[in-house]
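Given next are the chains, with one letter for each unit.
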Amino acid sequence: MTTLYERLGGADAINAVVEGMYQKIFTDEDLIDFFRKTDKPRQLEMQRQFLTYAFGGSSEWHGKSMKESHRGRGITTDDFNKVAGHVVSTMKELSVPQELIDEVVAILLTLVDDCVDEE
Ligand code: HEM
């Protein structure tokens, strides 16, 4: 059974998704305030590493847990859906097959509770 990471196309494919998604996220007026103080190149690198891990391309993640990274920032379900939407639209632009997009979305949805604060 090949991993989602391999089926997506490995490191180059993950890099393209991460670059595309943050181009959208960092210019989205509704999301920009969350990232005012963020070291943006570092964020892209951490996201490359996390998604590589989450999609089965690596057995290790050395960054913070998703709960530690996100809880307490006031992230709402709406914010989460906007970020996930930017991931999906980036993958569509990159012509990623819909069945792989569906697998990515299913993984992202497992992270909602760790990212979103009580509303
Ligand atoms: C869709 C699922 C998400 C994933 C996979 C994800 C992934 C990550 C990763 C890997 C980090 C870095 C952790 C580290 O430094 O060790 C991070 C940090 C962060 N994330 Fe997310 N994230 C997600 C959703 C969101 C959402 C919805 C928001 C807000 C709208 C958000 C805002 C942030 C912020 C503000 C940081 C800290 C940046 C900094 O260090 O300044 N994330 N996230």
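Calculation rules
Residues numbered from 1 in each chain as written. Predicted model: local features only at pLDDT ≥ 70, side-chain atom pairs only at ≥ 80, totals over all residues. Helix = DSSP H or I, 4+ residues; strand = E, 2+ residues; numbered from the N terminus. Rg over C-alpha atoms; globule rule 2.2 N^0.38 Å. Buried ≥ 20, exposed ≤ 12 C-beta atoms within 10 Å, placed from the backbone. Contact = placed C-beta atoms within 7 Å. Axes fitted to C-alpha atoms, helices over the stretch in contact; angles between N-to-C directions. Parallel < 35°, antiparallel > 145°, perpendicular 65-115°, else oblique. Left-handed = near helix turned anticlockwise from the far one by under 90°. Nonpolar A, V, L, I, M, F, W, Y, C, P; charged D, E, K, R; others polar.

Focus: the overall build of the chain
Part 1 of the argument: For the chain, the count of helices and strands is 7 helices and 0 strands.
Part 2 of the argument: Starting at the N terminus and walking to the C terminus, you meet the elements of the chain as α-α-α-α-α-α-α.
Part 3 of the argument: At 14 Å, the chain has a C-alpha radius of gyration in line with the 14 Å of a compact globule built from 119 residues.
Part 4 of the argument: Taking all 119 residues of the chain together, the buried fraction comes to 16%.
Part 5 of the argument: When contacts within the chain are restricted to residue pairs at least 6 apart in sequence, those whose partners lie at least 24 apart make up 75%.

What to know about the packing of helix α2 (residues 10-25) against helix α5 (residues 77-93)
Relative orientation and spacing of two packed helices are given, respectively, by the angle between their axes and the distance between those axes.
Part 1 of the argument: Running from amino to carboxyl end, α2 crosses α5 at an angle of 130°, the nearest separation of the two axes being 9 Å. Classified by the angle their axes make, α2 and α5 are oblique. α5 is crossed by α2, and the crossing has right-handed handedness. Contacts from V17, G20, M21, K24 and I25 of α2 reach α5 at V83, H86, V87, S89, T90, M91 and E93.
Part 2 of the argument: Per-class residue counts for the contact of α2 with α5 are 6 nonpolar, 4 polar and 2 charged.

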